[in-house]
Amino acid sequence: MTAGVTLMGAGGRMGQAIVRTLSDEAELTLAAAVTRSDDPVLEKDAGDHAGVGPLGVMITADLEQAVATGDVVIDFSSADVSATVVAACARAGKPLVIGTTGLGDGAEAALTEACASIPVVAAANTSVGVTVLRHLASRAAQLLGEDYDIEVVEMHHRRKVDAPSGTAVVLAETLARARDLDPLADVVHGRSGAVGPRSRREIGVMTLRGGDVVGDHTVILAGPGERLELVHRAQDRSLFALGAVRAAKWLVKERPSAGRYGMADVLNLPKA
Ligand code: NAD
């Protein structure tokens with residue numbers, strides 16, 4: 001039996017990538033596609049818009065009706081609407097994968113409330129490779145110990161407006177926890193001027209920007225006489241869609257109890 005997906009943000013780049021991924025998927029189909037009410041793609045067929053041919057699912061702005069239609073909701077839209085999406089899913093009792101980033105305090109509070117009644121996979125990076133990188137980096141930091149300095153370097157395309165990437169922040173937090181450091185106070189963003197020697201208690205996070213790089217993240221563990229580097233390179237936006245669809249399948253198949261989950265739960269990895 002196939003389950004139906006309600007897709008929030010169907011007009012966007014990630015929304016289209018998810019429609020393309022679903023078109024190759026046996027266990028899930030697109031049931032409803034939502035965008036904002038002034039989007040020019042409104043009333044277009046979601047499959048046509050994503051370049052996979054007509055699917056008979058017209059893009060709508062009716063969030064409540066769309067959420068009621070599907071068995072699981074995938075949201076890659078805008079942080080402005082996240083609180084509304086999360087509350088609609090909770091009211092309808094529909095599990096949710098939320099990939100939208102930059103959630104503010106209001107959306108985070110709505111998410112916490114919703115997680116009391118529905119299961120939610122919330123992931124600022126739905127890549128399977130990045131999830132495994134996080135796990136390996138955490139383990140490497142523990143195994144190598146405090147003689148090995150940790151730095152995180154990220155590079156993205158020239159159009160990216162925020163820095164560092166949400167993924168670099170999450171990697172630094174994970175590494176800080178692995179070393180019993182403070183994820184806020186012990187993380188250093190960029191260095192310039194007479195900053196003095198590096199302290200043992202710091203994790204450096206450095207940002208590079210240029211060209212059309214989809215997203216590179218490197219964790220460096222530099223110790224006496226050697227250096228270990230763990231590198232993830234995103235080559236195509238579809239990897240995020242594949243991970244989000246995998247998370248939706250996990251919600252449908254495993255039927256986890258209400259609560260907040262991450263991609264590590266989807267991959268059955270120990271908590272980082
Ligand atoms: P985009 O701007 O191309 O698409 C966003 C879509 O959301 C548009 O179709 C827009 O019309 C729609 N939208 C905006 N407001 C809406 C509303 N009120 N109701 C319904 N739809 C609304 O952006 P994108 O590149 O597709 O990214 C979307 C989100 O996903 C961003 O937050 C981005 O940071 C995040 N993202 C997450 C991951 C991940 O791995 N979790 C990967 C890539 C992007």
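So, here is what we can say about the structure in this document. All residue numbers here refer to positions counted from 1 along the written sequence of the relevant chain. For a predicted model such as this one, the threshold for reporting local features is a pLDDT of at least 70, and the threshold for listing and counting side-chain atom pairs is 80 or more; totals across whole chains, interfaces and linings nevertheless cover every residue. The basis for the side-chain values is all heavy atoms of the structure; hydrogens and waters are excluded.

1. Examining the sheet that holds strand E10 (residues 215–223)
Strands sit in the order E8-E9-E7-E10-E11 across an open sheet of five strands; the sheet is mixed. The sheet is open, and its two edges are formed by strand E8 (187–189) and strand E11 (226–234), each paired on a single side. Here the strands of the sheet are splayed against their neighbours by 20° on average, with no regard to which way each runs. Inspection of the sheet shows E8 paired to strand E9 (residues 203–209) by three bridges, in the parallel sense. The partner of Val188 across the bridge, within E9, is Gly204. Taken strand by strand, helix H6 (residues 128–144) contacts strand E7 (149–156), E10 and E11, and its axis lies near 170° from that of E11. We call two strands paired when DSSP finds no fewer than two bridges between them. Under the DSSP-based scheme used, a helix requires at least four consecutive residues in state H or I and a strand at least two consecutive residues in state E, with every element numbered from the N terminus. Here an angle of 0 to 180 degrees is reported between the N-to-C directions of two axes, which are lines fitted to C-alpha atoms, with helices fitted over the stretch in contact. It only takes one pair of heavy atoms within 4.5 Å for two residues to be counted as in contact.

2. A word on the sheet that holds strand E12 (residues 259–261)
Strand order in the open sheet formed by seven strands is E3-E2-E1-E4-E5-E6-E12, and the pairing between neighbours is parallel. The two strands at the open ends of the sheet, each matched to only one other strand, are strand E3 (59–60) and E12. Pairing of strand E6 (residues 119–122) with E12 involves three bridges; the strand directions are parallel. If you follow Pro119 over to E12, its bridge partner there is Gly259. Sitting on the sheet, helix H4 (residues 79–92) is in contact with strand E1 (3–8), strand E4 (72–75) and strand E5 (96–98), with an inclination near 165° to E5.

3. Details of the packing of H4 against helix H5 (residues 105–114)
Their axes nearest at 8 Å, the elements H4 and H5 cross at an angle of 10°. Comparing the axis directions of H4 and H5 gives the class roughly parallel. Contact residues: H4 offers Ser82, Ala83, Val86 and Ala90, while H5 offers Gly106, Ala107, Ala110, Leu111 and Ala114. Polarity classes work like this: nonpolar for Ala, Val, Leu, Ile, Met, Phe, Trp, Tyr, Cys and Pro, charged for Asp, Glu, Lys and Arg, and polar for all others, with Gly in that last group. Residues belonging to the contact of H4 with H5 are distributed by class as follows: seven nonpolar, two polar and no charged. Should an angle fall under 35 degrees it is taken as roughly parallel, and over 145 as roughly antiparallel, whereas 65 to 115 is taken as roughly perpendicular and any remaining angle as oblique.

4. Re the side chain of Arg179
Locating Arg179 in the fold gives a position in the loop between helix H7 (166–178) and E8. Categorising residues by exposure relies on relative accessible area from a 1.4 Å probe, with only protein chains included: less than 20% of the type maximum marks a residue as buried, more than 50% marks it as exposed, and the intermediate range marks it as partly exposed. For this count, His and the chain ends are skipped, Lys and Arg are scored as positive, and Asp and Glu as negative. Here a salt bridge means any side-chain nitrogen of Lys or Arg lying within 4 Å of a carboxyl oxygen belonging to Asp or Glu. We note that Arg179 is buried and unpaired, the nearest opposite charge coming from Asp149 at a distance of 6.3 Å. Sequence-distant contacts of Arg179, defined by excluding residues within four places in its chain, comprise Ala141, Gly145, Glu146, Tyr148, Ile150 and Leu221.

5. Quick notes on the site of the ligand
Only heavy atoms are used to decide nearness, and a residue is near a molecule or strand if one of them lies within 4 Å of it. In the vicinity of the ligand lie 22 residues, with Gly12, Met14, Arg36, Thr101 and Thr126 positioned nearest. As used in this structure description, the phrase polar contact means that two N or O atoms lie within 3.5 Å; if the pair is within protein, one of them must be able to donate a hydrogen and the other to accept it, and residues adjacent in sequence are counted only when both atoms belong to side chains. Residue Ala124 places a main-chain N or O atom 3.1 Å away from a nitrogen atom belonging to the ligand. Accessible surface area values rest on a Shrake-Rupley calculation with a 1.4 Å probe, where residue burial reflects the displayed protein chains alone. For the ligand, whose unbound accessible area comes to 870 Å², protein coverage reaches 78%. Taken together, the residues that form the shell around the ligand break down as seven nonpolar, 11 polar and four charged.

Function cannot be inferred from these measures alone, as they are strictly geometric.
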